[in-house]
Amino acid sequence: MEVRDIFTMRKEGKTEEAYQAICEIYAHHHGPHTNLCMFWCSSDMFKKLAKEKNVKEMRRMLGQMVKIYPDIKDDRCEAARAISKAAVAMDREVKDFNLIYFLPWFNKLTDEDWKPYIVNNHQVPSLGQQEVNHLMKDIQTRDIDYINQITDLFRKAMQIAPNYKLNLRHYAQLHIMLGNSANALQTYKKLLSRYKDSYLYAELAELVADDTQKMALYCQAILHQPREEFTTKYHYKLGVLLRKHNLASRAAYEFNRCADIRKRHGLPLTPFMQRLLGQFNGITPVSESDQLALYQRSGAVVDALIKTQEK
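Residues numbered from 1 in each chain as written. Predicted model: local features only at pLDDT ≥ 70, side-chain atom pairs only at ≥ 80, totals over all residues. Heavy atoms only, no water.

Let us look at a nonpolar patch on the surface. On the surface, I144, M177 and L178 cluster together into a nonpolar patch covering about 280 Å² of accessible area. Topologically, M177 is positioned in helix 9 (residues 165-177). The exposure class of M177 is partly exposed, given its relative accessible area of 31%. (Patch = residues over 30% accessible without salt bridge, like charges linked within 9 Å, V, L, I, M, F, W, Y side chains within 5 Å. Areas by Shrake-Rupley, 256 points an atom, 1.4 Å probe, with all protein chains shown as cover. Salt bridge = Lys/Arg side-chain N within 4 Å of Asp/Glu carboxyl O. Helix = DSSP H or I, 4+ residues; strand = E, 2+ residues; numbered from the N terminus. Buried < 20%, exposed > 50% of the residue type's maximum accessible area, 1.4 Å probe, protein only.)

Right under this line is the structure:
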């Protein structure tokens, strides 16, 4: 069997057969056509294994693609694109995957790779933007060396899509890390003038100094989070602020609500939370309708805060 026959098998969808055939040739011969076929058969196998969630073999195939890459011509950057897609797919499946290792391939992407596309009538971020999204994930936990390495790619993403939600969020997070809280504050206000994501309210709450604004933002975070199991930290933080301002009945509601949600979803109560609940044993919480009214009133406070950036 010749290499051209294996390329034909690929086109026919015979992924495993083609891969096994090229492995037999590649084991004793490395030439330009053999190397190229080995690369693309490995890429095909990676896609197949990704559908099966076979992470161990996915990692092996990606490793093969990386190893073979220097030995193939990639004038149109198609192989770099394949490695980039595979690396992002791995990052989805593997916690703490070393995605930054793949920066050399990310930097080879063409202008076409920075254009969003449509899948099932929904717009999907470009491959370049997906890479940036993954690299910037948990950016607040990264060190300065990591940030320096990805800055150029992030800058390109910002130039191409300056109003994209995740770019703005990551831009704000970078400013926080660099001590530019005023810039971060204005960026979050800009975000919340367009989007109503629960986490955006909560992240802005961490930046503002005024407790009334903090409480209002946590109220909005609770209102805009459709999954109650994700609201426990907001109920807790709101409760702490209410207790600080001697609003004990409202604080009791928040702490009880936090505990009830955790129990309902099988989440443990920490010893600290148990002691905290004990401190409010003799305090009658406000009614749910009363607290909901507080949440709804908080909208005006948040609207006023957001509009200050437009002046």
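That shown, we press on.
Right, let's get into the nonpolar core. In this structure, F39, F46, L62, I83, F102 and L135 are the most contacted members of the largest nonpolar core, which totals 57 residues. Sequence-distant contacts of F102, that is, excluding residues within four places in its chain, are made with L62, V66, I83, A87 and F97. (Core = buried A, V, L, I, M, F, W, Y, C linked by side-chain atoms within 4.5 Å. Contact = heavy atoms within 4.5 Å.)

Right, let's talk about the environment of G128 for a bit. The topology assignment puts G128 in helix 7 (residues 127-136). Ignoring sequence-local partners within four residues, the contact set of G128 consists of L109, D113 and W114.

This paragraph deals with the pattern of salt bridges. As enumerated under the stated definition, the model contains 20 salt bridges in all. The residue R10 makes a salt bridge to D44 at a minimum N-O spacing of 2.5 Å. On the criterion of sequence distance, the pair formed by R10 in helix 1 (residues 3-11) and D44 in helix 3 (residues 32-51) is long-range, its members being 34 residues apart. A relative accessible area of 25% means that R10 is categorised as partly exposed. A salt bridge links K165 to D197; the nearest nitrogen and oxygen atoms lie 2.9 Å apart. Of this pair, K165 sits in helix 9 while D197 sits in the loop between helix 10 (181-192) and helix 11 (198-205), placing them 32 residues apart in sequence. The exposure class assigned to D197 is partly exposed, which follows from its relative accessible area of 22%. Among the charged side chains, a salt-bridge network with shared partners connects E16, K48 and E52.

What is shown is where atoms sit, not what they do.
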